[in-house]
Amino acid sequence: MLHRLKERTANIGFFAVGHDTYWGQFEGLLDSLMGYHRVLKEILEGNGVRIVDYGMVDSSEKGYEVLERMKGDRLDLVFCNMVTYATSSTFAPMIRGLDAPMVLVALQPLRGMDYSRASTYMQLENDNICSVPEFTSVAVRLGKRVADVIIGTLYEDEEAVAGLREWCGIAKVLHDLKGARMGLMGHVLEAMYDMHADPTAISAAFGVHVPLLEPDDAIRLYHTVTEQEIADKKKLILAEFDTPEPVSDPVTTKLTEADLHQAAHSAVTLDKLIETYRLTGLAYYYEGLEDSLHRKLTGSFIAGNSMLNAQGFPMCGEYDIKTCLAMLMMDRLGIGGSFAEFHPFDFREDFILVGHDGPHHLAIAEGKPVLRSLCKYHGKPGSGASVEFKIKEGPITMLGITQKADGRFKFVIGEGISRKGPIPPTGNTNTRGFFEPNTKAFVKAWVMEGPTHHFALGVGHHAGTLEKLAGALGIDSVIVKA
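So, here is what we can say about the structure in this document. The model shown is predicted, which means the values in this text are computed figures rather than measured ones.

1. Considerations on the sheet that holds strand 5 (residues 148-153)
The strand order across the open sheet built from 5 strands is 2-1-3-4-5, with neighbouring strands paired in parallel fashion. The sheet terminates laterally at strand 2 (50-57) and strand 5, the two strands that pair on one side only. The average angle at which neighbouring strand axes cross in this sheet is 20 degrees, direction not considered. The sheet contact formed by strand 3 (residues 77-81) and strand 4 (residues 102-108) spans 4 bridges and is parallel. By the bridge assignment for strand 4, V78 is matched with M102.

The following block contains the structure:
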């Protein structure tokens with residue numbers, strides 16, 4: 001019943017390059033090349049992005065002219081279509097003047113020429129690679145870099161299509177980082193030094209704003225919630241979650257009516273908080289006095305957070321804005337983004353439990369998630385409804401965002417496999433994570449990179465994509481391999 005409230009899209013610039021001298025020499029060549037340009041445009045539009053097509057750029061004058069238009073179009077990414085040879089003077093103004101990543105696309109119409117009928121015209125139609133080294137060289141000389149080069153054929157080339165799709169996904173992340181409002185509420189859980197982050201440093205690295213909120217901002221909205229809104233949210237919660245009987249953990253009970261009512265009331269409050277403060281996401285932690293409304297409210301966000309995650313608003317606990325950003329990135333890539341950490345190993349079967357006692361991304365759950373009542377939140381004050389689910393079986397990717405001694409951020413990236421099997425019935429999410437060459441060696445390699453203890457967890461293997469995203473943001477990254 002949940003549907004996304006945040007559209008996944010991006011503004012992508014697109015232009016072809018060529019050599020204007022050719023048009024007078026070879027009649028019909030320009031029209032032919034622009035026909036191939038339209039084919040590639042259709043492929044790109046199939047990825048749910050907005051394409052701004054600047055047509056053919058075949059001289060330095062046109063390069064400067066198109067640059068000025070690009071600056072006003074709020075582009076997240078630019079594809080340069082290498083339809084034939086072009087001098088690098090056509091490309092230099094744009095690579096020098098743009099902040100958006102530039103990807104060169106060199107896709108030949110033919111898999112190979114018919115050499116018995118070959119001509120200069122045919123060669124120029126398939127000369128897509130010819131000026132690529134010239135362009136990358138000039139980028140380096142200008143102190144810039146080409147983000148990527150996609151090489152292949154224009155037709156029936158799944159690898160090339162996947163490369164284009166990957167960069168469209170990265171563009172969606174970049175689009176939603178611009179001006180994102182990643183709220184912080186409360187304070188870091190006591191003594192968790194790895195959670196601290198400077199909002200100014202976050203803004204500098206990711207281009208987001210960090211509104212600083214008080215629990216009282218949520219309490220003010222809490223008092224505006226109506227009984228009808230609570231009743232509607234309760235119906236949605238019961239439609240989205242199972243509420244089974246407890247199993248072996250004495251901390252858990254079947255979801256109580258009181259906890260359901262409180263979870264629904266708090267979930268509506270979160271909806272209003274997102275709307276009122278125009279938040280893209282929220283990281284929070286607050287304890288409050290025993291029996292206070294502050295404690296009751298902030299301790300009952302978990303169900304509402306999990307639903308908001310599925311609707312495109314990353315929400316996480318323990319004030320961990322770095323992981324909240326990682327969750328946003330995974331969500332915009334369409335691969336989930338649950339709030340996670342490592343739990344106990346199983347050395348018998350060589351896996352480690354991966355999960356958390358907080359919000360998760362319901363869109364990547366294996367089966368229907370569970371809502372249990374907990375009589376205590378371990379390590380934290382309070383009690384109430386908590387989410388328990390397993391991530392979908394198959395490949396998984398982890399993204400941790402940490403900071404180094406110089407204050408710069410770093411992506412710590414890993415890949416593994418989620419497999420079916422029993423998990424502890426503790427009202428917490430847990431997934432069986434298997435890693436190569438063995439789980440112990442991988443986890444040791446992971447922790448030696450200095451990550452925070454939280455990370456975002458998504459489905460599929462996307463380490464390469466996240467590495468490219470880090471490059472586009474100018475952030476260091478490492479793909480962990482034991």
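2. Quick notes on the pairing of strand 3
Counting buried positions along strand 3 yields 5 of 5 residues, so the element is predominantly enclosed. Of the two faces of strand 3, both are covered, the one formed by L77, F79 and N81 as well as the one formed by V78 and C80. In this structure, strand 1 (residues 11-17) lies alongside strand 3, joined through 5 bridges in parallel fashion. Pairing of I12 across the sheet is with L77, part of strand 3. Running through helix 4 (residues 92-97), the crossover from strand 3 to the neighbouring parallel element strand 4 is right-handed.

3. Quick notes on the packing of helix 7 (residues 158-177) against helix 16 (residues 463-473)
Contact geometry of helix 7 with helix 16 gives a least axis separation of 10 Å together with a crossing angle of 45 degrees. For the element pair helix 7 / helix 16, the angle class is oblique. The interaxial crossing formed by helix 7 with helix 16 has right-handed handedness. When helix 7 is examined against helix 16, the residues E166, W167, I170, V173, L174 and L177 are found in contact with a partner set consisting of G464, T465, K468, L469, A472 and L473. Of the residues assigned to the contact of helix 7 with helix 16, the class counts are 8 nonpolar, 2 polar and 2 charged.

4. Side note on helix 2 (residues 29-45)
If you check helix 2, its first and last C-alpha atoms are 25 Å apart, about what 17 residues at 1.5 Å a residue would give, namely 24 Å. Taken as a whole, helix 2 has its buried residues at L29, S32, L33, M34, G35, Y36, H37, L40 and L44.

5. Regarding the pairing of strand 9 (residues 281-285)
Counting buried positions along strand 9 gives 5 out of 5 residues, so the element sits mostly inside the fold. Here strand 9 shows a buried face lined by G281, A283 and Y285 and a second buried face lined by L282 and Y284. Bridge count for strand 6 (residues 182-186) against strand 9 is 5 bridges, and the pairing is parallel. Counterpart to L184 in the pairing with strand 9 is A283. In the sheet, strand 9 pairs with strand 10 (residues 315-316) via 2 bridges, with the strands oriented parallel. What sits directly across from A283, in strand 10, is C316.

6. A closer look at the nonpolar core
F79, F206, M329 and F411 are the most contacted members of the largest nonpolar core, which has 73 residues in total. The next biggest cluster of nonpolar side chains, apart from the first, holds 24 residues, and it includes F15, M82, A86 and F91.

7. Notes on the sheet that holds strand 14 (residues 384-388)
The 3 strands lie next to each other as 8-13-14, forming an open sheet whose pairing is antiparallel. Edge positions in the sheet fall to strand 8 (252-254) and strand 14, since each has one partner strand and no second. Each strand axis lies, on average, 50 degrees off the axis of its neighbour in the sheet, ignoring direction. Here strand 13 (residues 370-374) pairs with strand 14 via 5 bridges, running antiparallel.

8. A few points about the packing of aromatic side chains
Each aromatic ring pair is specified by the distance between its two centres and by the angle formed by the two planes. Under the definition given, this model contains 11 aromatic pairs. Here the aromatic rings of F91 and F135 are separated by 4.4 Å at their centres, their planes lie at 20 degrees, and the arrangement is stacked. One end of the pair, F91, is in the loop between strand 3 and helix 4; the other, F135, is in helix 6 (residues 132-141), with 44 residues separating them in the sequence. Like F135, F91 is buried.

9. Things to note about the side chain of N126
Summarising the element assignment, N126 is placed in the loop between helix 5 (120-125) and helix 6. Exposure remark for N126: the relative accessible area of 7% places this residue in the buried category. Here the side chain of N126 touches L110 through a polar contact of 2.9 Å, landing on its backbone nitrogen.

10. Description of unusual backbone geometry
Backbone phi values are negative for most residues with the exception of glycine, while trans is the configuration of most peptide bonds. Note the cis peptide between E436 and P437, where omega equals -5 degrees. Tracing the backbone through its elements, the reader meets P437 in the loop between strand 17 (429-434) and helix 15 (439-447). The backbone phi angle of R74 is positive, close to 50 degrees, even though this residue is not glycine. As for its position among the elements, R74 is in the loop between helix 3 (60-71) and strand 3. Since its relative accessible area comes to 61%, R74 is described here as exposed.

Rules behind the numbers
Once a new chain begins, its residue numbering starts again from 1 and follows that chain's sequence as written. Only residues with pLDDT of 70 or above have their local features reported here, since the model is predicted, and side-chain atom pairs are shown and tallied only from 80 upward, although totals for entire chains, interfaces and linings are computed over all residues. The basis for the side-chain values is all heavy atoms of the structure; hydrogens and waters are excluded. Note: two strands are recorded as paired if DSSP finds a minimum of 2 bridges between them. Numbering of helices and strands starts at the N terminus; helices are DSSP runs of H or I of at least 4 residues and strands are runs of E of at least 2. For helices, the fitted axis covers only the stretch in contact; all axes are lines through C-alpha atoms, and the angles between them, taken along N-to-C directions, range from 0 to 180 degrees. A simple rule labels every residue: compare its accessible area, found with a 1.4 Å probe on the protein chains alone, to the largest value its type can have, and call it buried under 20%, exposed over 50%, or partly exposed in between. Handedness rule for crossovers: strands pointing away from the viewer, path from the first strand over the helix to the second running clockwise, crossover right-handed. Reported orientations rely on four angle classes, namely roughly parallel under 35 degrees, roughly antiparallel over 145, roughly perpendicular from 65 to 115, and oblique for the rest. What makes a crossing left-handed is the near helix being turned counterclockwise from the far one by less than a right angle; a clockwise turn instead makes it right-handed. Note on contacts: a residue pair qualifies if any of its non-hydrogen atoms lie within 4.5 Å across the two residues. Under the scheme applied here, ten amino acids are nonpolar (Ala, Val, Leu, Ile, Met, Phe, Trp, Tyr, Cys and Pro), four are charged (Asp, Glu, Lys and Arg), and all others, including Gly, are polar. Helices are assigned an expected span. That span is 1.5 Å times one less than the residue count. Within this scheme, the nonpolar core is defined by two criteria: the residues are buried Ala, Val, Leu, Ile, Met, Phe, Trp, Tyr or Cys, and they are joined through side-chain atoms within 4.5 Å. Aromatic rings from Phe, Tyr and Trp, with only the six-membered ring used for Trp, were paired whenever their centres fell within 6.5 Å, and each pair was classed as stacked if the ring planes differed by under 30 degrees, edge-to-face if by over 60, and tilted otherwise. We call two N or O atoms a polar contact when they sit within 3.5 Å, provided that within protein one can donate a hydrogen and the other can accept it, with sequence-adjacent residues counted only if both atoms are side-chain atoms.

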